[in-house]
Amino acid sequence: MGDEARYSTDIPVEIISPDVVETRLGTMRFTDGFPDDATVDKVFDNLDFLRGVQAFLTAMPAALQAAQRRGIRKYGPDNQTVLIFEQLMDSRSLFLTANTENVYAIAWLNLSSGPIVVDSPPGMLGLVDDFWFHYVTDIGLAGPDQGRGGRYLFLPPDYQGDVPADGYFVCRSNTYGNILGLRGFLHDGDPAPAARAITEGLRIYPLAVAADPPEMNFVNASGQSMNTIHATDFTFFEEVDEVVQEEPNSAIDPETLGLLASVGIVKGTQFAPDSRMKAVLVEAAAVGNATARANAYRSRLDGAYFYPDSAWCTPFVGGSYLFEHDGVRLLDARSFMFFAATGITPAMAIQRVGAGSAYAAAFVDAHSQPFDGATTYRLHLPSGIPARTFWSLVLYDTQTRSMLQTDQQFPSLGSQKPGVAANPDGSFDIYFAPDPPDGHENNWMQTRPGKGWFVILRLYGPEQSWFDKTWRPGEIEAIT
């Protein structure tokens, strides 16, 4: 038989692989479309690397939950231990973008032995998210009890038993592990009433022992050093493996499970990559971490910014807590959120005048430069700050995304802090610097030379002028 087949057709050039192709991976060689051994090695290493990076960006929520659970378990068992920040949270605790204006209460719900009951006190603002950080329910002001307090019953994913006919807000989780977070509000600047309401009214217990629930273990976590943030090195993949091993595959979509399986994370199988694959995942974690940081700190999503030519931004592009638009998942918005923050609920993204809260973050100054801890900056907040309840600014460390550690225990200012001085027209000028500018000590937030930072503006009970953008915060200007 000759070079030409008896039956042949003209082959379009666009479907042909050349014998030699130059790419970012180097030279690739083919013999009549068949890759040589060196090309096969290159593309498979690259495929493993790409999947490792994508696994990092996709599975951040699970890794974060594993880290939060580890932080809680340090103080006691599941379904019983509640970390409560009775004197507020300060910068010693490593939590993603927490604030200093609420009394936090945090617990881990474990449904592996059956349904769990949560009795919530009145006046709270809280949520429950599953082990993959999917929304389960709101509790309190944004939940079905509408702030009056209530009894919540959480059912595990495989529960087939009887469910009480009434008396409970019934919630079914897709995972056995779940995070519970409550926020209590200050009373005239005092956290004690909210802390007391939580310790007296919050109860967590199995439905099976509802008639005689065990004692709660409330731990005052104020001022304690703890870490609840996921790793950014190879350990990250081990944190994700914890979740995959413990939870049913039905808790997450097959595409995500397939992505994780492609890097060796499979339910029922030990995660033990060989030396080649571990080296690939070490690099993938480094690039995934860099990607997540660029994606948050230098977001290229137009919809992430509140105003043209502004640094003020949000991960809730289009107002969706699911990070979706027209049925399309906004991948970069999703990874932005879970790299920089924790907890997910529709209440975080909904636009409702006078209810809930609004958030705006600034990662760069008025000239799009990262904040320098040695420089003095000024932020002008025009009069009529649109916060029905209160407003605040909190500084965060660009490394940990936790509160910035300085000589100030609480790196924050706002309408609940005594002494914050308004200008004659009702506006505020806030200063960020290593040392207080003369005459502006009460409006000063401390920074540290050599340490990067960013800031989040929170508006509790946001007013219409926030949503229609007739009120706008100034950009943060360097003045020295």
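See the structure printed just above.
The rules behind the values
- Residues numbered from 1 in each chain as written.
- Predicted model: local features only at pLDDT ≥ 70, side-chain atom pairs only at ≥ 80, totals over all residues.
- Heavy atoms only, no water.
- 1 Å grid on protein atoms, 1.4 Å probe; cavity = no way out; pocket = protein on both sides within 12 Å on 5 of 7 lines; lining within 4 Å.
- Points joined across faces, edges and corners; volume = space filled by probe spheres on them.
- Helix = DSSP H or I, 4+ residues; strand = E, 2+ residues; numbered from the N terminus.
- Nonpolar A, V, L, I, M, F, W, Y, C, P; charged D, E, K, R; others polar.
- Axes fitted to C-alpha atoms, helices over the stretch in contact; angles between N-to-C directions.
- Parallel < 35°, antiparallel > 145°, perpendicular 65-115°, else oblique.
- Contact = heavy atoms within 4.5 Å.
- Buried < 20%, exposed > 50% of the residue type's maximum accessible area, 1.4 Å probe, protein only.
- Polar contact = N/O pair within 3.5 Å; in protein donor to acceptor, adjacent residues only side chain to side chain.
- Phe/Tyr/Trp six-rings, centres within 6.5 Å; stacked < 30°, edge-to-face > 60°.
- Lys NZ or Arg CZ within 6 Å of the ring centre and 35° of its normal.
- Left-handed = near helix turned anticlockwise from the far one by under 90°.

Enquirer: Provide a residue-level description of the layout of surface pockets, including the pertinent values.
Expert: One simple way to see leftover space: roll a probe sized like a water molecule over the atoms. Here the largest pocket defines a volume of roughly 740 Å³. Lining the largest pocket are 28 residues, and of these Thr 58, Arg 329, Leu 331, Arg 334 and Ser 335 sit closest to its centre. Broken down by secondary-structure element, the contributors of at least two residues to the lining of the largest pocket are helix H1 (37-73), helix H4 (254-261), helix H5 (275-297) and helix H6 (331-340). Residues that form the lining of the largest pocket fall into these classes: 14 nonpolar, seven polar and seven charged.

Enquirer: Outline the packing of H1 against helix H3 (residues 235-246), listing residues and values.
Expert: At a minimum axis separation of 7 Å, H1 and H3 run at an interaxial angle of 75 degrees. Considered as vectors, H1 and H3 are oriented roughly perpendicular to each other. In this structure, H1 contributes Gly 52, Ala 55, Phe 56, Ala 59, Met 60, Ala 62, Ala 63, Ala 66, Ala 67, Arg 69 and Arg 70 to the contact, and H3 contributes Phe 236, Phe 237, Glu 239, Val 240, Glu 242, Val 243 and Glu 246. Of the residues belonging to the contact of H1 with H3, the class tally is 12 nonpolar, one polar and five charged.

Enquirer: Explain the side chain of Thr 100 to me, and be specific about the residues and the numbers.
Expert: Tracing the backbone shows Thr 100 in the loop between strand E5 (93-94) and strand E6 (102-110). For Thr 100, a relative accessible area of 2% translates into the label buried. Polar side-chain contacts of Thr 100 include one of 2.6 Å to the side chain of Glu 101. A polar side-chain atom of Thr 100 sits 2.5 Å from a polar atom in the side chain of Ser 412. Excluding residues that lie within four positions of it along the chain, Thr 100 makes contacts with Leu 88, Met 89, Met 403, Phe 410, Pro 411, Ser 412 and Lys 417.

Enquirer: Can you lay out the packing of aromatic side chains for me, pointing to particular residues and giving the numbers?
Expert: Under the criterion given, the structure shown has 28 aromatic pairs. For the pair Phe 306 and Tyr 307, a centre-to-centre distance of 6.1 Å together with 40 degrees between the ring planes defines the contact as tilted. Residue Phe 306 is classed as buried on the basis of its relative accessible area, which comes to 16%. Judged by its relative accessible area of 6%, Tyr 307 falls in the buried class. Among the aromatic side chains, those forming a connected cluster through ring pairs are Tyr 297, Phe 336, Phe 339, Phe 363, Tyr 396 and Phe 454. Over the ring of Phe 339 we find Arg 401; its NZ or CZ atom is 3.9 Å from the centre of that ring.

Enquirer: Quick one: what's the story with the packing of H1 against H4, residue by residue and with numbers?
Expert: It is the contact of H1 with H4, at a shortest axis distance of 9 Å, that shows an interaxial angle of 135 degrees. The angle between H1 and H4 falls in the class oblique. Seen from above, H1 lies across H4 with left-handed handedness. In this structure, H1 contributes Arg 51, Gln 54, Ala 55, Thr 58 and Ala 59 to the contact, and H4 contributes Thr 256, Leu 259 and Leu 260. Residues of the contact of H1 with H4, tallied by class, amount to four nonpolar, three polar and one charged.

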